[in-house]
Amino acid sequence: HPCFTSKKLKMKKNLLWALCLNLLILPAFSQKNQPQTSPQPVARPKLVVGLMVDQMRWDYLYRYQNRYGKGGFNRLLNQGFSCENTFIPYTPTATGCGHASVYSGTVPAIHGITGNDWWDSKLQRRMYCAEDKTVMTVGSDSKDGEMSPRNMVANTITDELRLATNFRSKVIGISIKDRGAILPAGHSANAAYWYDESKGIFISSTYYMKDLPQWVKDFNARKLPDTYYKEGWKTLYSIDSYTQSSADAKDYERTEIGPKNSFPYDMSGFVGKDYYKLPFLPQAATYTFEMAKAAAIHEQLGKNKETDFLAVSISSPDYTGHSFGPNSIEVEDTYLRLDKDIEQFLNFLDAQVGKNNYLLFLTADHGAAHVPGFLKENNHPGGSIALGNLVKKVNELIQQKYKVKNGIINSTYYNLALNHKEMDSLQVDKDAIKALIIHEMEKEEGIYRVVDKEELGESNLQATIRERLINGYYPYRSADLQVIPKPNWFKENWKGTDHSVWNPYDAHIPLLWYGWNIKPGKSYQERYMTDIAVTLAAMLHIQMPNGAVGKVIEEAINIK
């Protein structure tokens, strides 16, 4: 019957729709009832350790290699990855810039730290890179703690790690120098600690905390600087064995820690006082490592759920280097002792965190030139420029011709800042004054060029030098004119040494990678200190710092 056939077809259609609906719904119910599986966590080390050695020339890795033990520098060289041609891509090659650039992955032209200090044309005064008068010292009644990272306008790899873990990662910076602790630790660090030279203790600032943790108070109560003063400084081995160095007690060495500037150094008279001298001793490195170990233990670094970061800067080689120079027994002994400190620190990390659980890099903020007196006695070109006297002479000429007093108002890191306020009030021709300065200064022995920073891009400087100067230029923090010395010439100092120029002795630095996900080896590809933070970001799977210009060092990473 036609009606019966129609009903039968309709029932079949309804059954078909119900079946399709069940096929769609059942998997959904099935999935809903399935237990949720957690995705694999992002692979990261338990701890990252940044180890910077202040004023470590690249060649120190090999100059004393046969005297190093197996467990320090040689362990890093043999079991880690060495970027043999790592350079600083800007000037001035100074401590503040170096620490900011390594951790921000960028150059002073972007992060704004154009020196340890600079002439601020807005404020019309010198500004120290870490100064912050809005904060107070924590742990002391001195003003040594009135510091913060606020002058650094870019962030750091340590900041990005904190952001990536919603601030669960711990970040701590430690150094004798305030800038060596503060700038690497970044803007959002849990803490930064540095040395108060007036008290001989580690301190911090209210930027980070209201009071020192009890473990820091206990550490300070040990009075280790007095222990080191009682030890004094003798050479680690027989002084006759220091064949990589000049004879002891040279006239061109400085005398900050002893009038006779020769071994042994008796420091016992400074116990309980004059803690300014401690940073010149190799034990200051030991002291810094001991503080770093205490931080790792008491803050449980590397034992938390998230990756932690310990930024350690070893300042004492810079103090020693400035006083005695690269060819001194003091510098050789400093590095032989530092090698032992590094060995003990690596052994500590192995025990505390686990050998394959931490990622460590070692680099430097800058190198150093040979002492002019040493160069002279060995028939090498080089010398000292009396830049202060030269500025005074040129200012007299400017005043005679243009009636402007103190035409060059500041000369920091070979940067000459003009007295714009005075020049504007007298309505003088600034270009003419610049031309006068350049003409007079380029007559001076030891000065290669003086260039107008506003015209760097169009200058006829050699390309590498021009690029370095542009990378170091930050408006209102970089002055007006740049003095470029000849190789191995530096300012104001016939005794001891200095740094801050583009030349390889200042700009060629070590870069060693070790530990988690690092494959052993070497590369002679040209790399830059700005590549470090970017490489860390890639390895940690986090965003690179917000001003980064570096490149990932792929050859160092064990890509799985």
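Preceding block: the structure.
Cut-off values and rules
Residues numbered from 1 in each chain as written. Predicted model: local features only at pLDDT ≥ 70, side-chain atom pairs only at ≥ 80, totals over all residues. Heavy atoms only, no water. Core = buried A, V, L, I, M, F, W, Y, C linked by side-chain atoms within 4.5 Å. Buried < 20%, exposed > 50% of the residue type's maximum accessible area, 1.4 Å probe, protein only. Helix = DSSP H or I, 4+ residues; strand = E, 2+ residues; numbered from the N terminus. Pairing = 2+ DSSP bridges. Patch = residues over 30% accessible without salt bridge, like charges linked within 9 Å, V, L, I, M, F, W, Y side chains within 5 Å. Areas by Shrake-Rupley, 256 points an atom, 1.4 Å probe, with all protein chains shown as cover. Salt bridge = Lys/Arg side-chain N within 4 Å of Asp/Glu carboxyl O. Lys, Arg positive; Asp, Glu negative; His and termini not counted. Charge placed at Lys NZ, Arg CZ, Asp CG, Glu CD. Axes fitted to C-alpha atoms, helices over the stretch in contact; angles between N-to-C directions. Contact = heavy atoms within 4.5 Å.

*Asks:* So, the nonpolar core: which residues are in play, and what are the values?
*Replies:* Within the largest apolar cluster, 125 residues are counted, with the highest numbers of intra-cluster contacts made by Tyr 193, Phe 309, Tyr 335 and Trp 513. Here this core gets 10 residues from one element, more than from any other, and that element is helix 12 (residues 329-352). Counting residues in each nonpolar core, the second largest holds 27 residues, with Ile 437, Met 441, Val 483 and Tyr 505 among its members.

*Asks:* Tell me about the pairing of strand 1 (residues 47-53), residues and numbers included.
*Replies:* Taking burial as the measure, the 7 residues of strand 1 include 7 buried ones, the bulk of the element. The alternating pattern of strand 1 places Leu 47, Val 49, Leu 51 and Val 53 and Val 48, Gly 50 and Met 52 on opposite faces, both of which are buried. Looking at chain direction, strand 1 and strand 10 (residues 358-364) are connected through 7 bridges and run parallel. Within strand 10, the residue paired with Met 52 across the bridge is Thr 363.

*Asks:* Give a description of a negative patch on the surface that names residues and reports values.
*Replies:* Together, Asp 429, Asp 431, Glu 455 and Glu 458 make up a negatively charged patch on the protein surface. In this fold, Glu 455 is placed in the loop between strand 14 (447-452) and helix 17 (463-471). Judged by relative accessible area, which is 49%, Glu 455 ranks as partly exposed.

*Asks:* Give a description of the pairing of strand 8 (residues 201-205) that names residues and reports values.
*Replies:* In terms of burial, strand 8 is largely enclosed, as 5 of its 5 residues are buried. Burial of the side chains of strand 8 extends over both faces: Ile 201, Ile 203 and Ser 205 are buried on one face and Phe 202 and Ser 204 on the other. With 2 bridges joining them, strand 5 (residues 137-138) and strand 8 adopt antiparallel strand pairing. Paired with Thr 137 across the strands is Ser 205, a residue of strand 8. As judged from the 3 bridges shared by strand 7 (residues 191-196) and strand 8, these two strands associate in the antiparallel manner. Paired with Tyr 195 across the two strands is Phe 202, which belongs to strand 8.

*Asks:* Go over the sheet that holds strand 13 (residues 415-418), please, and point to the residues and values.
*Replies:* Overall, antiparallel pairing links the 4 strands, which are arranged 12-13-15-14 in an open sheet. Edge positions in the sheet fall to strand 12 (408-412) and strand 14, since each has one partner strand and no second. Strand-to-strand, the axes of this sheet are offset by a mean angle of 20°, without reference to chain direction. One ladder, built from 4 bridges, connects strand 12 with strand 13; its direction is antiparallel. Residue pairing in the sheet places Ile 408 in a bridge with Leu 418 of strand 13. Those strands touched by helix 14 (residues 387-402) are strand 12, strand 13 and strand 14, and its axis lies near 160° from that of strand 12.

*Asks:* Mind laying out unusual backbone geometry, listing which residues take part and the relevant values?
*Replies:* The omega torsion across Thr 91 and Pro 92 is 0°, close enough to zero to call that bond cis. As for its placement among the helices and strands, Pro 92 is situated in the loop between strand 2 (81-87) and helix 4 (95-104). The linkage connecting Phe 263 with the following residue, Pro 264, adopts the cis geometry, with an omega of -5°. The phi dihedral of Lys 223 is positive, around 50°, even though this residue is not glycine. Looking at the element boundaries, Lys 223 is found in the loop between helix 8 (214-221) and helix 9 (224-231). If you check the backbone angles, Ala 479 has positive phi at about 60° while not being a glycine.

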